Amino acid sequence: MATSNRRRGGGPVLELKGLCKCFGGLNAVQAVDLKIFPGDRKAIIGPNGAGKTTLFNVITGVLPATSGQALLFGVNITGWPSHRRTALGMARTFQVTSLFPKLTVLDNVLLAITGLRWSKFVMWRPLSSYRDVHEKARRLLESAGYWDRRDVEVRNLSHGERRQVEIVLGLASDPKLLLLDEPAAGLASGESREMAQFLKRLDPELAILLIEHDMDVVFDVVDRISVLHFGEVVEEGTTEEIRASERVQEIYLGTG
Amino acid sequence: MSSGIARSFSWGVVAAGLAFGAGVSRDAGAAQELRIGFLAPTTGIFAQVGKDMTNGFQLYLDEVKGDFAGAKVKFIVEDEEGKPPVGVRKVEKLIRQDKVHMFIGGLLASTGYALAPVSTRLKTVYVASIPAADDLTQRDSAKFPYLVRTGWTSSQPNHPFGEWACEQGYKRIAAIAADYAFGHEVVGGFQKAFEACGGRIIQKIWPPLGTIDFGPFLPAIKKDADAIFTLMVGPMSLQFPKQLASAGIKKPVLGGGTSYDEFVLPSMGDEVIGHVSALQYSAALETPQNAAFVKKYRGKYGKVPSYYSESNYTTAQMIHEVMKRTKGKWPGAQQFVKLLASVKLETARGPVRLDEMKNPVHNVYIRKVERKKLHGYDKDELWNSVIKTYPNVGQFWKFGKNEFLKQPVYSRDFPPCKHCE
Amino acid sequence: MKDGHAPRRKLLIVGAALLAVLVITPFSGSYVIVLVTHALIFAILAMSLDILLGYTGLPSLGQAAYLGMGGYLTAILATRYQFGLDWTFWVVVALGMLIGAATAAFFGLFAIRATGVYFLMITLALGMCVWGLAYRWNSVTGGDNGIVLPPRPDFGIQLADDLTFFYVVFGFFLASLVMMTILVGSPFGRSLVGIRENELRMRILGYNTWLHKYIAFIIAGAFGGLAGVLWAHAHGLVSPEDVILATSVDALLMVVLGGPGTLVGGALGAGIVVALREYLSTLVPWWQYVLGGVYVLTILYLPGGLMSIPERVRRWRAQSRGAGVEKSLESASH
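These numbers were taken from a predicted model, which means no experiment stands behind them.

## Description of the overall build of chain C
- Per the secondary structure count, chain C includes 15 helices and two strands.
- In terms of overall dimensions, chain C is globule-like: its C-alpha atoms have a radius of gyration of 21 Å, near the 20 Å expected for 334 residues.
- A principal-axis box enclosing the C-alpha atoms of chain C has dimensions of 85 × 50 × 40 Å.
- Of the contacts made within chain C by residues no fewer than 6 positions apart, 77% connect residues no fewer than 24 positions apart.

Here's what the structure looks like:
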């Protein structure tokens, strides 16, 4: 799928050029180059502390980059705050579930939808009177299978369900690029499989970049994998290539 | 969010409270009851002063067994916390709910300024026994037809004090006083009189209200000043003399009356001996009337009365005098004010009468702090010994009422410091 | 937002309660009228704070500053320029809200950067600045004497009459309540709740959370200014004592007591605090401990404030009912 898109000549959704992030003397992310095209499904794997989440934070603007560039649809977004990146078509989920626990599923999604509309500044008419917003929420929740439970407070959902709702939130901004930080973290194996199915059901035009430890999910969902080690990309390739790579075996077995 | 049971319940409580209030407030009394509201700080940093105020009035009431010429006195004390807005709220309560005939007290000058308009608005007599803000009975007097002052104006004792300072041969005096309206008026009065007889105020230092560390201010005092004039309040008045002594400054110290009030005197040490101040009262006054008052007060409350006690004791005495004339009948607010303003009485502080602006004309005593035995008590104690008496001093001193009222009220910048170097 | 029935019933009960206040008060003693007026003004202040504390999660300790700005503006205009004592009263109301908003817009530049306890400290410090200004800027504010206002405005309607003034204040209170209720239900209001719940998430969702908080801060300031205008006329006096920390703390505790994030909770808290403070203080000298005790107990045992009681009762009932069902099942299986 990804290759076909590339052949069609679409530019990359996201491009990283020598992106670095240092904390004092520690180079958490070192000169990372990366290209993601529309419809790509890509995973970043690596042992704990490899800098995966830091890389995500730099890409999404939670942390400022030390050097290098990030381009979104060819636009240099390196110094941009998070909300502007989101507006351009990037969405992310967090390693630790980040939702509005005391609000209902519907409210969570509504907030996500209005986040990119001017109506978020409207003070004189109730949110419930915005039909289009509600329609969209309904569509999103129906396709994710949560419409029946829209009035449940998120804190009353199971962990696996919360992870899925979080992805629905990410989709509310109609992103072209979705960054998933360990979507299957802490899930039971049954839940992981559900999650993998859920991800595969998503819009094929959507580019997904995910961090994941659960290799079953990774091999099930993505086409290409980058391996991060001590902040550097040490391997890049298709799932088969990575599965076969000795270097990767070494890293994961700790002999590298 | 939660539903309405709590709301309806709690609003019910509020409503019940309202109804309760309504019930209590309808208590218009018999003709022979005289309801007096009294405002004093009974909590907070001024609580002790408030106690002195209340005790003074209460002592007189106890002496006459709560009976003013046939009128039974209902004495209602409210806590004004030393805060003007609280005072206003309590007065609203006293007038509207307790239906008092008059209210008395308030501690701070600012509280006096806040309460006087309420007396006008609600047409109720206000007897300012303590608040000394000059303008209440000077430039703003016409605005407050229901106000009578039985205390003093801040500048009143300091006019003769200024003249006394000239007599001592002081030529150059440095003033250091708490930075608020009362301090400004005390210093202003002293400066005006002192400079009128040839003296010079060579500097004015204004430490903020509540200063306890005078370290930054003491070195600024001019070395060539003949004396220091000071006014401090609360904890400031304890700290200032101590730090002045330990800084080795040995100049004569003159102080506004409240700086060495009997209320703080027992807590002070020998460093204040020799300090001189001026006020319309001293517990050390050796008249039979005052000696009796001091003994009664001390017997009952275990401490020497302060001016706060005396002023309210005397106020009670003056109100009693009015009620004697009306034979215990409430004469109506306007008439009461007129009668009270015409009272002439021999009191603990000496002879008192009121001028046409309803402010007392009374003696001003120049007092020197001494350690001695007095009034038959067998221990050496600090007393404000009277060293000179200026009889029948009014609020305008020798300046003439019309002339005086033409100048602005004493403030930080008035009189201007012409001789400041 | 959940379903249609609860809000309608809530609306009904709040409406009935307000109507009760409106109807009962005029027949109470004149002191009660004054007290209810005070409570309503403080209710506006408490509700404005609830926008910050309850909805946005910003615990401001400087709300008295806006009360002070509104109050001093009213007093200065009235005493120096005799402005605002006829129909121009309405202009002063607008100016009061404007100066509250402007002050908040200025303070917000410093405060909004911070969160949690730092936000608390900064707002506290800024509030103290306003107190300092009121206390020290003698030539304008009258220093510790404050400013005594002339009699209340008269524009055909005489506000000097306490009952009339009560009706007018009630009108302002109602208008504020309605406006703020609409606000918290609007997309903007819901965004504040989102920020309270998870600010980082909101940023990722495309909200400029700083801007939203800043706007909320300004709106709260505007309503604080309105409360100040009314407060000045209610008392006939503005004093630095109105602007002290204790006023801000009171407002905060009113919200906490009534229930943050409910608006009416703040109003309820204001009613209770004013009633306790004014009544209790005339009865017993230790009233402050009672008030303190009420606060402590509320915070410890009723974090949702008084407004959370029905929810708790319902949950408790549901629980005990559930337990009952289990028991009956158990006995059936034996």
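## Structural notes on the overall build of chain A
- Helix and strand counts for chain A come out as ten helices and ten strands.
- The C-alpha atoms of chain A give 18 Å as radius of gyration, which agrees with the globular expectation for 256 residues (18 Å, within 12%).
- Based on the C-alpha atoms only, the size of chain A along its principal axes is roughly 60 × 40 × 40 Å.
- Counting only contacts in chain A whose residues sit at least 6 apart along the sequence, the fraction spanning at least 24 positions is 67%.

## Examining unusual backbone geometry
All names here are of chain B.
- Geometrically, the link from Phe 414 to Pro 415 is a cis peptide bond, its omega value of -5 degrees lying close to zero.
- The backbone phi angle of Lys 65 is positive, close to 55 degrees, even though this residue is not glycine.
- Assignment of secondary structure puts Lys 65 in the loop between α2 (47-63) and β2 (67-68).
- C-beta crowding within 10 Å serves as the criterion here: with 8 such atoms nearby, Lys 65 is assigned to the exposed category.

## Concerning the domain arrangement of chain C
Residue and element names in this part refer to chain C.
- The domain boundaries assigned to chain C delineate domain 1 (22-291) and domain 2 (304-334).
- Spacing between the C-alpha centres of domain 1 and domain 2 amounts to 40 Å.
- On the domain 2 side, the residues contacting the eight residues of domain 1 number five residues.
- Residue assignment for the side of domain 1 that touches domain 2 shows that the elements contributing at least two residues are α12 (245-258) and α13 (264-283).
- Examining the composition of the side of domain 1 that touches domain 2, we find that three residues originate from one element, α12, more than from any other.
- Class assignment for the residues of the side of domain 1 that touches domain 2 results in four nonpolar, four polar and no charged.

## What about the environment of Arg138(A)?
- By the element assignment, Arg138(A) lies in helix α5 (residues 131-144).
- Each C-alpha atom of the pair Arg138(A) and Ser82(A) lies 26 Å from the other, and the pair is 56 residues apart in sequence.

## Some words on the packing of helix α3 (residues 84-96) of chain B against helix α2 (residues 30-56) of chain C
- Orientation of α3(B) relative to α2(C), taken along the N-to-C sense of each, is 155 degrees, at an axis distance of 8 Å. The angle between the axes of α3(B) and α2(C) places the two elements in the roughly antiparallel class. For the pair α3(B) and α2(C), the contacting residues are Glu92(B), Lys93(B) and Arg96(B) in the first and Ser30(C), Tyr31(C) and Val34(C) in the second.
- Split by residue class, the contact of α3(B) with α2(C) holds two nonpolar, one polar and three charged.

## Quick notes on the packing of helix α7 (residues 162-185) of chain C against helix α10 (residues 209-235) of chain C
All names here are of chain C.
- The N-to-C vectors of α7 and α10 enclose an angle of 175 degrees; their axes lie 11 Å apart at closest approach. Put simply, α7 runs roughly antiparallel to α10. Counting all contacts with α7, which are made through Val 169, Phe 172 and Ser 176, the residues of α10 involved are Phe 223, Leu 226 and Leu 230.
- For the contact of α7 with α10, a count of residues per class yields five nonpolar, one polar and no charged.

## Topic: the interface of chain C and chain A
- Tallying the contact residues gives 24 residues for chain C and 34 residues for chain A.
- Of the residues forming the side of chain C that touches chain A, the biggest block, eight residues, is contributed by helix α8 (residues 187-197) of chain C.
- Broken down by class, the residue content of the side of chain C that touches chain A amounts to ten nonpolar, eight polar and six charged.

## Describing the sheet that holds strand β4 (residues 67-72) of chain A
Residue and element names in this part refer to chain A.
- Read across the open sheet, the four strands follow the order β2-β1-β4-β5; overall the sheet is antiparallel. Two strands in the sheet have a free side with no partner beyond their single neighbour: β2 (26-36) and β5 (75-76).
- Of the pairings in the sheet, the one linking strand β1 (residues 14-23) to β2 comprises seven bridges and is antiparallel in character. When the sheet's bridge partners are listed, Phe 23 is paired in β2 with Leu 26.

## Some details on the arrangement of the chains
- Between all two pairs of chains that are in contact, chains B and C come out with the most contacts.
- The least C-alpha distance between chain A and chain B, which are not in contact, is 11 Å.

## Re α13(C)
- Here α13(C) is 20 residues long and its end C-alpha atoms lie 28 Å apart, about the 28 Å a rise of 1.5 Å per residue gives.
- Taking burial as the measure, the 20 residues of α13(C) include 15 buried ones, the bulk of the element.

## Remarks on the nonpolar core
- In terms of nonpolar packing, the biggest core is built from 293 residues, with Val109(A), Tyr126(B), Ile173(B), Ile41(C), Ala43(C) and Ala46(C) touching the most fellow members.
- If one sorts the elements of this core by residue count, α2(C) sits on top with 20 residues.
- Among all residues touching Ile173(B), those that are not within four sequence positions of it are Ala165(B), Phe194(B), Gly199(B), Ile201(B), Ile202(B), Ala225(B), Asp226(B), Ala227(B) and Phe229(B).

## Looking at the sheet that holds strand β10 (residues 232-238) of chain A
All names here are of chain A.
- Reading across from one edge, β6-β7-β8-β3-β9-β10 is the order of the six strands in this open sheet, with mixed pairing throughout. Strands at the two margins of the open sheet, each flanked by one partner only, are β6 (90-92) and β10. Pairwise comparison of adjacent strand axes, ignoring direction, gives a mean angle of 15 degrees for this sheet.
- Across six bridges, the pairing between strand β9 (residues 224-229) and β10 is antiparallel. The residue of β10 that forms the bridge with Leu 228 is Val 233.
- Its contacts with the sheet put helix α2 (residues 52-60) on β3 (41-45), β6, β7 (177-181), β8 (207-211) and β9, and the angle it makes with β7 is roughly 150 degrees.

## Re the environment of Gln249(A)
- On the secondary structure map, Gln249(A) appears in helix α10 (residues 246-253).
- Sequence separation of Gln249(A) and Leu16(A) is 233 residues, and the distance between their C-alpha atoms is 26 Å.

## Quick notes on the pairing of strand β1 (residues 33-40) of chain B
All names here are of chain B.
- Counting buried positions over the eight residues of β1 gives seven, a clear majority of the element.
- Sheet analysis places β1 next to strand β3 (residues 71-79), joined by eight bridges and oriented parallel. What sits directly across from Arg 35, in β3, is Lys 74.

## Remarks on helix α3 (residues 63-81) of chain C
Residue and element names in this part refer to chain C.
- Compared with an ideal rise of 1.5 Å per residue, which puts 19 residues at 27 Å, α3 spans 27 Å between its outermost C-alpha atoms and is within 8% of the ideal.
- Most of α3 sits inside the fold, with 15 of its 19 residues counted as buried.
- Backbone geometry just downstream of α3 places Gln 82 in the positive-phi region, at approximately 45 degrees.

## Quick word on the confidence of the model for chain A
- When pLDDT is averaged across chain A, the result is 83; 95% of the residues are at 70 or more.
- Long-range and interchain partners of residues 1-8 of chain A, a stretch whose pLDDT sits below 50, account for 13 contacts in this model, where long-range means more than four residues apart.

## What about the confidence of the model for chain C?
Residue and element names in this part refer to chain C.
- Of the residues in chain C, 94% have a pLDDT of 70 or more, and the chain-wide mean is 86.
- Per-residue pLDDT, averaged within each element of chain C, yields its smallest value for helix α15 (residues 309-333) (68) and its largest for α10 (93).
- Contacts from residues 330-334, a stretch scored under 50 in pLDDT, to residues over four places away or in other chains number zero contacts.
- Overall fold confidence for the complex sits at a pTM of 0.79, while the interface term, ipTM, reaches 0.82.

## Some words on the pairing of β3(A)
Residue and element names in this part refer to chain A.
- Buried residues dominate β3, accounting for five of its five residues.
- Of the two faces of β3, the one lined by Arg 41, Ala 43 and Ile 45 and the one lined by Lys 42 and Ile 44 are each fully buried.
- Bridge count between β3 and β8: four bridges; the pairing is parallel. Within β8, the residue paired with Ile 44 across the bridge is Ile 211.
- Summarising the sheet, β3 and β9 pair through four bridges and their orientation is parallel. Considered in β9, the bridge of Ile 45 is made with Val 227.

## Quick notes on the environment of Thr230(B)
Residues and elements named next belong to chain B.
- With respect to the helices and strands, Thr 230 occurs in strand β9 (residues 227-231).
- When the C-alpha atoms of Thr 230 and Gly 257 are compared, they prove to be 9.7 Å apart, with 27 residues separating the residues in sequence.
- Dropping the residues within four chain positions of it, Thr 230 is found in contact with Ile 176, Ala 177, Phe 240, Val 253, Gly 255 and Ser 259.

So, how was this worked out
- Residues numbered from 1 in each chain as written.
- Chains lettered and ligands numbered in written order.
- Predicted model: local features only at pLDDT ≥ 70, side-chain atom pairs only at ≥ 80, totals over all residues.
- Helix = DSSP H or I, 4+ residues; strand = E, 2+ residues; numbered from the N terminus.
- Rg over C-alpha atoms; globule rule 2.2 N^0.38 Å.
- Contact = placed C-beta atoms within 7 Å.
- Buried ≥ 20, exposed ≤ 12 C-beta atoms within 10 Å, placed from the backbone.
- Domains from an automatic or database assignment.
- Nonpolar A, V, L, I, M, F, W, Y, C, P; charged D, E, K, R; others polar.
- Axes fitted to C-alpha atoms, helices over the stretch in contact; angles between N-to-C directions.
- Parallel < 35°, antiparallel > 145°, perpendicular 65-115°, else oblique.
- Pairing = 2+ DSSP bridges.
- Expected span 1.5 Å × (residues − 1).
- Core = buried A, V, L, I, M, F, W, Y, C linked by C-beta atoms within 7 Å.
- pLDDT = per-residue confidence, 0-100.

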